[in-house]
Amino acid sequence: MPDADLSILNRVYEIILDRKQNYDERSYVCKLLNHRKGMNKILEKVGEESIETILAVRNENHAEIVSESSDLIFHLLVMLAANNVTLDEIAAELSARHESMKRD
């Protein structure tokens, strides 16, 4: 199975980081990052998208699984950026787990 080109995650994350530094009132990301509810608003969105992803899987709807999973990943990226967690840190953790899995 060929490796997927996941560089889009880096590009989306870079845009989120830019929005974090450069407020634009038209930006959905800026609205999330600066919402009056603070982190709770971002967490609400992660929770909402998690539930929608679960329902799409339960309904065995492939197109919805792809769509809702994309929404979930996007909101996870916003949450990570808001908490100053880098994708390098996530990649390092996944790599360490992968090495551990190979030994099992």
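Details of the structure are given in the entry above.
Here is a short report on the structure shown in this document. (Residues numbered from 1 in each chain as written. Predicted model: local features only at pLDDT ≥ 70, side-chain atom pairs only at ≥ 80, totals over all residues. Heavy atoms only, no water.)

### Section: the overall build of the protein chain
Summing up its helical and strand segments, the protein chain has 5 helices and 0 strands in all. In the protein chain, the order of α-helices and β-strands from amino to carboxyl end is α-α-α-α-α. Judged by the C-alpha coordinates and their principal axes, the protein chain covers about 45 × 35 × 25 Å. Here the protein chain contributes 13 positive and 19 negative side-chain charges, whose respective centroids are spaced 5 Å apart. (Helix = DSSP H or I, 4+ residues; strand = E, 2+ residues; numbered from the N terminus. Lys, Arg positive; Asp, Glu negative; His and termini not counted. Charge placed at Lys NZ, Arg CZ, Asp CG, Glu CD.)

### Some words on the packing of aromatic side chains
The geometry of an aromatic ring pair is captured by the separation of the ring centres together with the interplanar angle, meaning the angle of the planes. Tallying each qualifying case throughout the model produces 1 aromatic pair. With a centroid separation of 6.3 Å and 25 degrees between ring planes, the pair formed by Tyr 28 and Phe 74 is classed as stacked. Of this pair, Tyr 28 sits in helix α2 (residues 28-33) while Phe 74 is found in helix α4 (residues 62-82), placing the two residues 46 residues apart along the sequence. (Phe/Tyr/Trp six-rings, centres within 6.5 Å; stacked < 30°, edge-to-face > 60°.)

### A look at the environment of Asn 61
Residue position: Asn 61 is located in the loop between α3 (39-58) and α4. Looking at Asn 61, its side chain comes within polar contact range of the main-chain nitrogen of Ala 63, at 3.3 Å. (Polar contact = N/O pair within 3.5 Å; in protein donor to acceptor, adjacent residues only side chain to side chain.)

### Side note on α4
In this model, α4 (21 residues) spans 30 Å end to end at C-alpha, consistent with the 30 Å of a helix rising 1.5 Å per residue. N-cap assignment for α4: the residue whose side-chain oxygen lies 3.3 Å from the backbone N of Ala 63 is Asn 61. Immediately downstream of α4, the backbone of Asn 84 shows phi near 55 degrees, a positive value. (Expected span 1.5 Å × (residues − 1).)

### Overview of the nonpolar core
In this structure, Tyr 13, Ile 16, Val 29, Leu 32, Leu 33, Ile 42, Leu 77, Val 78, Leu 80, Ala 81 and Leu 87 together form the largest nonpolar core, which totals 11 residues. A per-element tally of this core places α4 first, with 4 residues. What Val 29 contacts, discounting residues up to four positions off in sequence, is Ile 16, Arg 19 and Phe 74. (Core = buried A, V, L, I, M, F, W, Y, C linked by side-chain atoms within 4.5 Å. Buried < 20%, exposed > 50% of the residue type's maximum accessible area, 1.4 Å probe, protein only. Contact = heavy atoms within 4.5 Å.)

### Describing the side chain of Ser 27
Relative to the elements of secondary structure, Ser 27 occurs in the loop between α1 (7-21) and α2. Reaching out from Ser 27, the side chain makes a polar contact with the side chain of Arg 19 at a distance of 3.4 Å.

What is shown is where atoms sit, not what they do.
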